[in-house]
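# A look at the structure
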Amino acid sequence: MTLEIGQQVTLKIPQSYLKTSDPIPMLRPPDLVSLEETGKIIKLLPKDMAEVRFRRGTFLLSIDHLSSQPLLK
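Okay, so let's go over this structure. (Residues numbered from 1 in each chain as written. Predicted model: local features only at pLDDT ≥ 70, side-chain atom pairs only at ≥ 80, totals over all residues. Heavy atoms only, no water.)

### Quick word on the overall build of the protein
The following threshold applies: Here a strand is any run of E in DSSP of at least two residues, a helix any run of H or I of at least four, and the numbering for each starts at the N terminus. The globule rule used for comparison is 2.2 Å times the number of residues to the exponent 0.38, while the radius of gyration itself is calculated over C-alpha atoms.
Across its full length, the protein carries zero helices and seven strands. The order of α-helices and β-strands along the protein, N terminus first, is β-β-β-β-β-β-β. Rg of the C-alpha trace for the protein: 11 Å, near the compact-globule value of 11 Å for 73 residues, within the 12% margin. Based on the C-alpha atoms only, the size of the protein along its principal axes is roughly 35 × 25 × 20 Å.

### So, the side chain of S62
Applicable threshold: Any two residues having at least one pair of non-hydrogen atoms within 4.5 Å are treated as being in contact.
Positionally, S62 belongs in strand β6 (residues 57-62). Once you skip the residues sitting within four places of it in the chain, S62 turns out to touch D48 and M49.

### Some thoughts on the side chain of Q15
Here is the rule: Here a polar contact is taken to be a pair of N or O atoms separated by no more than 3.5 Å, where protein atoms must pair a possible hydrogen donor with a possible acceptor and residues adjacent in sequence count only if both atoms sit in side chains.
Take Q15: it is sitting in the loop between β1 (8-11) and β2 (18-20). A polar contact is formed between the side chain of Q15 and the backbone oxygen of I13, at a distance of 3.1 Å. In terms of polar contacts, Q15 uses its side chain to reach the side chain of H65, at 3.4 Å. Discounting residues that sit within four places of it in the chain, Q15 has contacts with P30, L61 and H65.

### Some points on the sheet that holds β1
Under the convention used in this document: One bridge is not enough; two strands pair if DSSP finds at least two bridges between them.
Strand order in the open sheet formed by seven strands is β3-β2-β6-β5-β4-β1-β7, with antiparallel pairing between adjacent strands. Looking at the sheet topology across the chains shown, the edges are occupied by β3 (27-28) and β7 (66-68). Sheet topology places β2 next to β6; two bridges connect them, and they run antiparallel. The residue bridging T20 from the neighbouring strand is F59, located in β6.

This is how it looks when you write it as structure tokens:
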């Protein structure tokens, strides 16, 4: 699956933890982002990772764990 910066995504599977995208990353509890919540890709990173902004924070996630959402018109 190819993703682009600015694309809307959701989580495919529940996470065991969330890693923040801060300069000093921290592990956060997985209940900060639900499977139904839509986030926006901010940056694509090496090793199939993406920086995704959700309502309660910006997290580093594997592209394999993300599902793209159709654009709303």
